[in-house]
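Chains, contacts and geometry: an overview
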Amino acid sequence: MRPFAPLAAGLAGLCLVALAPAVNAADVRVSGMGVRKCAEWVEWKTANNGQARATTLEWAQGFIAGHNVYARVGRDNAPSVVADAKILVTLLDSYCEKNPDQRIVAGIIGITQSLGGAKLNMTPKAPAQPNPRPDDKSPRES
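Residues numbered from 1 in each chain as written. Predicted model: local features only at pLDDT ≥ 70, side-chain atom pairs only at ≥ 80, totals over all residues. Heavy atoms only, no water.

Moving on to the confidence of the model for the protein. Scored by pLDDT, the protein has a mean of 74; 61% of the residues are at 70 or more. Predicted confidence in the protein is weakest over helix 1 (residues 5-19), with a mean pLDDT of 40, and strongest over helix 4 (residues 85-98), with 94. Within the model, pLDDT remains below 50 along residues 1-26, and this stretch shows 28 contacts once partners closer than five positions in the same chain are excluded. (pLDDT = per-residue confidence, 0-100. Helix = DSSP H or I, 4+ residues; strand = E, 2+ residues; numbered from the N terminus. Contact = heavy atoms within 4.5 Å.)

What follows is the structure, given as structure tokens:
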């Protein structure tokens, strides 16, 4: 593993948090390895695909680093979360074996919260309904 890879992943997570406007947690969009299903994480373990697991672990550490910055700036002022890679792998293995249809990010959020991190509401909010203009006619009025 490259010695600066976790640092790069952490900085990428920090950049995403720093560039994003302050929004409700339900408005946060996630990309990268975290959107993969837990079933894939378990398959990579079975197939001994260390590269995919290492990449995902680096993504997770970056996500947690971003959480630490966001939680400090956000209204919760939650404590920073520190998870050694060996512990994080074990916790994610356990979560994903129990929840193969969930996304990896859901596991990382649960792990972060269980380690004292900020509580996030990941329930998507309903899309905003446009306000009708007074001169718009409803379908019945046409």
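Summed over the entire model, instances satisfying the criterion amount to one disulfide. One disulfide in the model links Cys38 with Cys96; its S-S distance is 2.3 Å. Around the S-S axis, the bridge from Cys38 to Cys96 shows a dihedral of about -50° and counts as left-handed. Highlighted residues: Cys38 in helix 2 (residues 38-46) and Cys96 in helix 4, separated in sequence by 58 residues. Look at Cys38 and you get buried, because its relative accessible area is 0%. For Cys96, a relative accessible area of 1% corresponds to the buried category. (Disulfide = S-S within 2.5 Å. Buried < 20%, exposed > 50% of the residue type's maximum accessible area, 1.4 Å probe, protein only.)

Phi at Asn48 is positive, roughly 55°, even though this residue is not glycine. Turning to its location among the elements, Asn48 is positioned in the loop between helix 2 and helix 3 (50-73). Looking at Asn48, the relative accessible area reads 70%, which means it is exposed.

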